[in-house]
Amino acid sequence: MKGLIRYLFTTYIRTHRYVPPVTLFIMMLIINYTYIPNPIMDSYSFTSLLLFFIMGWVTITIVHAEDEGQKQITLIHSKNKRNYYFALIINCIVVGFILSIIAVAYPLVINAFTPELHVIHILFGFLAHFSIATLSIALSIFFTRELVKNNINSWWGVVSILVFTLVLPIVKEKFFNIELINWFIPPLRFSLEIMSVGDDITSISKLAYWQFGWIFIYSAILMVIFTIIVQRGLSK
């Protein structure tokens, strides 16, 4: 499994498909912190939301790094589809983890925040970025070529589902105020709600732990569902 993960990641790096999304992300970070000092939580909230969309792009490029012919050869050597797609998902998560660290560390390196910065802000910032990145991966993989055969539809699907996830909580609150729906709506809102607190925060509440935890659990469930679908060939 480790060898498969390493091979797929190396293949992705060699394609250079990561360059456009990563470059755009870094440019947006630089622009966002052009003027200092910046509010801590609001800044991290914005860049985490930016990462949410960037990871949709990254996910597509990672899953599509191999052409169809090479993909079939890799599937044969990986012995089953489950290992292959788990390896792809792990690579997506690794990239999300790296970009999350960059997004949190960059403003610290250039001293972009006020002197009131504490460890709790850094922890919140990382959890916000990494949880949202993971959620973006879990949503975007359903619009890769494994389930959507047309590349154009893949891109439109990713953009649509990410935008839909962003606006859905507002629509639900205004028109469908039913608590049961909360368990099915992608929990992006939890991260945004947590990050909306002021910079004077001094501790993480139990509710915040639960909300971040649910984002990861929700994402893991979607990833498992995706893997089951492609493994059973239900997309054929």
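Details of the structure are given in the entry above.
Residues numbered from 1 in each chain as written. Predicted model: local features only at pLDDT ≥ 70, side-chain atom pairs only at ≥ 80, totals over all residues. Heavy atoms only, no water.

**Q** Looking at this structure, I do not really get the side chain of His 121. What am I missing?
**A** Note that His 121 resides in helix H6 (residues 119-140). When near neighbours in sequence (up to four residues on either side) are disregarded, His 121 contacts Ile 40, Met 41, Tyr 44, Glu 116, Asp 199 and Ile 201. (Helix = DSSP H or I, 4+ residues; strand = E, 2+ residues; numbered from the N terminus. Contact = heavy atoms within 4.5 Å.)

**Q** Looking at this structure, how should I read the environment of Gly 198?
**A** Relative to the helices and strands, Gly 198 resides in the loop between helix H8 (188-195) and helix H9 (206-231). Residue class for Gly 198 comes out partly exposed when judged on its relative accessible area of 36%. On a C-alpha basis, the gap between Gly 198 and Pro 39 in space is 8.8 Å, while along the polypeptide they are 159 residues apart. (Buried < 20%, exposed > 50% of the residue type's maximum accessible area, 1.4 Å probe, protein only.)

**Q** How should I be thinking about unusual backbone geometry in this particular structure?
**A** Outside of glycine, negative phi angles account for most residues, and trans bonds account for most peptide bonds. That bond from Ile 36 to Pro 37 is cis: its omega, 5 degrees, falls within 30 degrees of zero. Here His 16, not a glycine, exhibits a phi torsion of approximately 65 degrees, which is positive. Look at His 16 and you get partly exposed, because its relative accessible area is 48%. At Asn 111, a residue that is not glycine, the phi angle is positive and equals roughly 55 degrees. Relative to the assigned elements, Asn 111 resides in the loop between helix H5 (81-109) and H6. Since its relative accessible area comes to 59%, Asn 111 is described here as exposed.

**Q** Looking at this structure, how should I read the nonpolar core?
**A** Among soluble globular proteins, nonpolar side chains are generally buried collectively. Ranked by internal contacts, the top residues of the largest apolar core, which has 64 residues, are Phe 25, Met 55, Leu 99 and Phe 124. At the level of secondary structure, the elements contributing two or more residues to this core comprise helix H1 (2-15), helix H2 (19-32), helix H3 (40-63), H5, H6, helix H7 (151-175), H8 and H9. The leading source of residues in this core is H3, at 12 residues. With near-sequence residues (within four places) excluded, Phe 25 lies in contact with Thr 47, Leu 50, Leu 51, Ile 54, Leu 99 and Ala 103. (Core = buried A, V, L, I, M, F, W, Y, C linked by side-chain atoms within 4.5 Å.)

**Q** Sorry if this is basic, but what is going on with H8 here?
**A** Since there are 3.6 residues in each turn of an α-helix, residues three or four apart along the chain are aligned in direction. Within H8, six of the eight residues are buried, which leaves it mostly tucked inside the rest of the structure. Where H8 is concerned, the buried positions are Leu 188, Arg 189, Phe 190, Ser 191, Ile 194 and Met 195.

**Q** Could you clarify how one ought to interpret the packing of H8 against H9 in this entry?
**A** In a pair of packed helices, the angle between the axes and the distance between the axes together describe the arrangement. Contact pair H8 / H9: the axes reach a minimum separation of 8 Å and the direction vectors enclose 150 degrees. Regarding the angle of H8 to H9, the classification is roughly antiparallel. Crossing of H8 over H9 shows left-handed handedness. The segment H8 lies against H9, with Phe 190, Ser 191, Glu 193 and Ile 194 engaging Ala 208, Trp 210, Gln 211, Phe 212, Trp 214 and Ile 215. Partitioned by chemical class, the residues of the contact of H8 with H9 number seven nonpolar, two polar and one charged. (Axes fitted to C-alpha atoms, helices over the stretch in contact; angles between N-to-C directions. Parallel < 35°, antiparallel > 145°, perpendicular 65-115°, else oblique. Left-handed = near helix turned anticlockwise from the far one by under 90°. Nonpolar A, V, L, I, M, F, W, Y, C, P; charged D, E, K, R; others polar.)

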